[in-house]
Amino acid sequence: MKIKSKKLRIFLSRKISVLAALVLVLMTFAAFAGPYMTSRSPYEQDISLRFEGISREHWLGTDYIGRDMFTRIIHGGQISMGIALFGVTIGVVIGLLLGFLSGYYSGITDSIISRFIDMLMAIPGLMIATITVAILGSGGINTGIAVGLSTIPSFMRMTRASVISIKETDYVKSCRIIGVSDIRIIMTHIMPGVLPLIAVTFTLNLGTALLIASSLSYLGIGVNPPTPEWGALLSSGRHMMLSWPLGVIAPGIAITLFVLCTSLVGDGLRDAFDPKSIE
Amino acid sequence: MLKYILSRVLQIIPSFFILTAVVFHSALLMRGGPTLPRPAYIMYIEYMGRVFRGDFGNFRTQPVLDVLLGAFPYTALLAFGGIALASVLGVFLGIVAAAKQNKLIDNIIMAVSLIASSIPLFFLAVIFMLIFSLHLRWLPTRGTDSWQGMILPIVTLGLPAVGFIARTSRTAMLDVLNMDAIKAARARGIPEKTITYSHAFKNMMIPIMTAIAVRLGELLAGTVLVELAFSIPGLGRLLLHAITFRDFNLLMGCVIVLGLAFMIINLIVDLLYVLVDPRTAKSYR
């Protein structure tokens, strides 16, 4: 247990990462628990209250048909973060599988998988996601799948590299000699070594995934209005940004904050789990 | 080394065909036509045959090739303008930050570049439009009305890359300053300024060039967001048209041009890696 607390100590010593983690927890709580704490609907219109300013009643004012902006941002957080989480989960499952196949079995399997991943790596995530949506069509689930596909290469590479390094250790070699099955070696000996790095990659990818998902919605090929996904919110707000700047600034800041915090937390975790920093 | 370079260049060919075949088949499958006239792979071979003769099919009444060629200069201008801006500004800020390591100015540059690389491009576009077009009325919101119109799109596209390049340059600079050759130069009494700007600079150029090339791919992908925000009729807009109008020929045309561009950029990145560290070529299967 001593090493664990050491890792925690390293993470806690990076104050900015700790702050970012707190902000993330707060944002996640607001997005997933918030909708159950208010009776307000993000779709409830009141045309007599259009373009209301910030008030105690409407924390972020109201939009062009009188919908409460704060409620929409909170609900949008659930959708944006939900899509990011769904996508990265797809990415981690497929990435882990491919990474283990190619790292553990090497040979021709490795060559084929690695080549394919190299090809995917050449194309930026946003472009992979855009082409995927072009094929599958828009909507929340398809956006999640598109985002997930774009995160596979990073998980696969990370898994493959650590599987290869662990595979060469003496304890794995001796397991093999005494005839322990592959599945058992992978599950009990290699997996624990791979997981911390996967956790780091997972965190870093969450931000990228949300960025790509909201970009797709902004482009009008992801989640469509009136669903208050953050990118879609910003997209519909830009036609009236001069008279109602809050409509673009509020979702923009929400996205930026989430992406910034995940990258800070990810960096903190990497420092904590990097073997070189545990001296 | 030469063998590595050659095999790496040739690698583009299978990658290109795999990418186009995957997109072709899945797009054909998802379009949900009841029956195809011929097996899909035959149609793919026929299609690629036509493409190599310069016939990409039609989009509405225009040949797709003409549409692509018409859009290409806008996207190229955006991407190269953005990367040029990001390189100059990024390298400069990175060197300043490294020279003043852990001082206030270093912390400010690093904080700003972290935030700059977290802001979504489309949000940055909106902020710039609000400030410079709508409030100050300095620059137009549309990209193509005049040459000034391209300023905001290029700055928007380049800014997030500035952060990335600045951070890489800072690290490269600090690594170089710790090299024995630099320490020796310092011991010989060569002025600190000469060391920073002439000795160190040469050694840090290759990692920085690699970072710039890596970023160029991301930047090219980002043009789709900037083109929509500033109404620029580039390749990204065409891709969006292809998706909204469900146009098969246009989609394939965009995938071929953009896919090829990404593969070439990636090739340059890989060759730069070999320049940095020739051992990369040896470990290559």
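In this report, we go over the structure that sits alongside the text. (Residues numbered from 1 in each chain as written. Chains lettered and ligands numbered in written order. Predicted model: local features only at pLDDT ≥ 70, side-chain atom pairs only at ≥ 80, totals over all residues. Heavy atoms only, no water.)

In terms of regular secondary structure, chain A is built from 10 helices and zero strands. Listed by position from the N terminus, the elements making up chain A come as α-α-α-α-α-α-α-α-α-α. Its C-alpha atoms put chain A at 75 × 45 × 30 Å along the principal axes. Each of the 279 residues in chain A was classed as buried or not, and the buried ones make up 49%. A total of about 12800 Å² of accessible surface is found on chain A, and carbon and sulfur atoms cover 68% of it. (Helix = DSSP H or I, 4+ residues; strand = E, 2+ residues; numbered from the N terminus. Buried < 20%, exposed > 50% of the residue type's maximum accessible area, 1.4 Å probe, protein only. Areas by Shrake-Rupley, 256 points an atom, 1.4 Å probe, with all protein chains shown as cover.)

Residues and elements named next belong to chain B. Viewed as axis vectors pointing N to C, helix H4 (residues 64-99) and helix H5 (residues 104-116) meet at an angle of 145°, and their least axial separation amounts to 8 Å. For the crossing formed where H4 meets H5, the hand is left-handed. Residues Leu 93, Val 96 and Ala 97 of H4 pack against Ile 105, Asp 106, Ile 109 and Met 110 of H5. (Axes fitted to C-alpha atoms, helices over the stretch in contact; angles between N-to-C directions. Left-handed = near helix turned anticlockwise from the far one by under 90°. Contact = heavy atoms within 4.5 Å.)

Moving on, we get to the packing of aromatic side chains. Residue and element names in this part refer to chain B. Under the definition given, this model contains nine aromatic pairs over all chains. Ring geometry for Phe 17 against Phe 52: centres 6.1 Å apart, planes inclined by 50°, an arrangement best described as tilted. Of the two residues, Phe 17 sits in helix H2 (residues 12-30) while Phe 52 sits in helix H3 (residues 40-52), which places them 35 residues apart along the sequence. For Phe 17, a relative accessible area of 31% translates into the label partly exposed. Seen in terms of ring centroids, Phe 24 and Phe 248 are 5.2 Å apart; in terms of plane orientation they differ by 75°. Their pairing is edge-to-face. Placement of the pair is Phe 24 in helix H2 and Phe 248 in helix H11 (residues 248-276), with a sequence separation of 224 residues. For the residue pair Phe 24 and Phe 248, the accessibility class agrees, reading buried in each case. Three or more aromatic residues joined by ring pairs make a cluster, and in this case those are Phe 24, Tyr 44, Tyr 47 and Phe 248. The lysine or arginine in question, Arg 60, covers the ring of Phe 245, its NZ or CZ lying 4.5 Å from the ring centre. The ring of Phe 164 is capped by Arg 215, whose NZ or CZ atom sits 5.2 Å from the centre of that ring. (Phe/Tyr/Trp six-rings, centres within 6.5 Å; stacked < 30°, edge-to-face > 60°. Lys NZ or Arg CZ within 6 Å of the ring centre and 35° of its normal.)

Take the pattern of salt bridges next. Residues and elements named next belong to chain B. Scanning the entire structure with this criterion turns up seven salt bridges over all chains. Between Arg 8 and Asp 270 there is a salt bridge, with its nearest N and O atoms 2.7 Å apart. With Arg 8 in helix H1 (residues 2-10) and Asp 270 in helix H11, this residue pair connects regions lying 262 residues apart in the sequence. (Salt bridge = Lys/Arg side-chain N within 4 Å of Asp/Glu carboxyl O.)

Further remarks concern a nonpolar patch on the surface. Together, Leu6(B), Leu10(B), Ile13(B), Phe17(B) and Phe52(B) line one region of the surface with nonpolar side chains, adding up to about 510 Å² of accessible area. For the nonpolar patch, the secondary structure elements donating two or more residues are H1 and H2 of chain B. (Patch = residues over 30% accessible without salt bridge, like charges linked within 9 Å, V, L, I, M, F, W, Y side chains within 5 Å.)

With that settled, the discussion passes to the interface of chain A and chain B. Bring the parts together and some accessible area is lost; that lost area is often taken as the interface size. Opposite the 37 residues of chain A that make contact, chain B presents 40 residues. For the pair chain A and chain B, the summed buried surface comes to about 3600 Å²; carbon and sulfur atoms form 79% of the total. Counting across the interface, chain A meets chain B through zero salt bridges. The interface formed by chain A and chain B includes zero residue pairs in polar contact (both at pLDDT 80 or more). At the level of secondary structure, the elements contributing two or more residues to the side of chain A that touches chain B comprise helix H4 (107-122), helix H5 (125-136), helix H8 (182-218) and helix H10 (246-273) of chain A. For the side of chain A that touches chain B, the leading source of residues is H10(A), giving 10 residues. (Buried area = accessible area lost by both parts, 1.4 Å probe. Polar contact = N/O pair within 3.5 Å; in protein donor to acceptor, adjacent residues only side chain to side chain.)

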